[in-house]
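# Commentary on secondary and tertiary structure
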Amino acid sequence: MKVIQKYRHGVPALSAVTDRIIKMHTTNYYDTFIEIADDCPVGRAEVPPIKGGKKSAANLQFELVHQNPYQFTSDDVVFEVFAQKQDLTDSEKEEGRNAFFSKGQPCFRASPLPKRYGWGIHSDAEGKIALVAVESDDYQKLAENKKLKHTKAMRSKRA
């Protein structure tokens, strides 16, 4: 996880007493392929089911990324899911995003999509992401692509 230092109000700090540097964390990957977890229980990608009439974080992540491949970064998706779950208004989102990323957040390696539902996550050179079904030819090509960084989704159970 990278840490980006950002000055308060976008202006360099004049003194350590009056201003402080706010650390902004990120979940973004670049030129990376997140492969499904070793203990992923499915051999074919699945759409996360809606349980109890409410969409889960996995449903919201799936909809945003599947309908908009390479349009959003991981940070965009992770925060938008948080904002929807918290019912943030547009005016609350900017301040909310800064507060949200002032602390580290779980990245897509911890998402149910590659852990449970069989979706690989490809991040391009700009950090924009797309879902790739484990059974697809595209998944196999990305898994074999030596130009990409490769990482696995986190396991659901201890080894």
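Everything numeric in this text was worked out from a predicted model, so none of it was measured.

Attention now goes to empty space enclosed by the protein. Scanning the model with the defined rule gives one cavity of 30 Å³ or more in all. Within this model, the largest cavity holds a volume of roughly 30 Å³. Taken together, Thr27, Tyr29, Ile34, Ser74, Cys107, Phe108, Ile121, Ser123 and Ile129 form the lining of the largest cavity. Its residues assigned to classes, the lining of the largest cavity comprises six nonpolar, three polar and no charged.

Our focus in this paragraph is the side chain of Lys115. The topology assignment puts Lys115 in helix 4 (residues 112-115). One buried charged residue, Lys115, forms no salt bridge at all, with the nearest opposite charge on Asp39 at 7.4 Å. In contact with Lys115, not counting residues within four places along its chain, are Ala37, Cys40, Pro41, Arg109, Ala110, Ala153, Met154, Arg155 and Ser156.

Turning next to helix 1 (residues 57-67). Those residues of helix 1 that fall on the buried side of the exposure criterion are Ala58, Asn59, Leu60, Gln61, Phe62, Leu64 and Val65. Elements that come into contact with the buried residues of helix 1 comprise helix 2 (74-85), helix 4, strand 4 (119-123) and strand 5 (129-133).

Okay, the packing of helix 1 against helix 2 next. Look at helix 1 against helix 2: their axes get within 10 Å of each other, and the N-to-C directions meet at 130°. One element, helix 1, and the other, helix 2, form an angle in the oblique class. Every pair of crossing elements has a handedness; the one defined by helix 1 and helix 2 is right-handed. Two secondary-structure elements touch here, helix 1 through Ala57, Leu60, Gln61, Leu64 and Val65 and helix 2 through Val77, Glu80, Val81, Gln84 and Lys85. Along the lines of polarity and charge, the residues of the contact of helix 1 with helix 2 split into six nonpolar, two polar and two charged.

Take helix 2 next. Taking 1.5 Å per residue, twelve residues should reach 16 Å; helix 2 reaches 17 Å between its end C-alpha atoms and fits that length. Positive phi shows up at Asp87, right after helix 2, with a value of about 55°.

Cut-offs and rules
- Residues numbered from 1 in each chain as written.
- Predicted model: local features only at pLDDT ≥ 70, side-chain atom pairs only at ≥ 80, totals over all residues.
- Heavy atoms only, no water.
- 1 Å grid on protein atoms, 1.4 Å probe; cavity = no way out; pocket = protein on both sides within 12 Å on 5 of 7 lines; lining within 4 Å.
- Points joined across faces, edges and corners; volume = space filled by probe spheres on them.
- Nonpolar A, V, L, I, M, F, W, Y, C, P; charged D, E, K, R; others polar.
- Helix = DSSP H or I, 4+ residues; strand = E, 2+ residues; numbered from the N terminus.
- Buried < 20%, exposed > 50% of the residue type's maximum accessible area, 1.4 Å probe, protein only.
- Lys, Arg positive; Asp, Glu negative; His and termini not counted.
- Salt bridge = Lys/Arg side-chain N within 4 Å of Asp/Glu carboxyl O.
- Contact = heavy atoms within 4.5 Å.
- Axes fitted to C-alpha atoms, helices over the stretch in contact; angles between N-to-C directions.
- Parallel < 35°, antiparallel > 145°, perpendicular 65-115°, else oblique.
- Left-handed = near helix turned anticlockwise from the far one by under 90°.
- Expected span 1.5 Å × (residues − 1).

In short, geometric facts, not functional conclusions.
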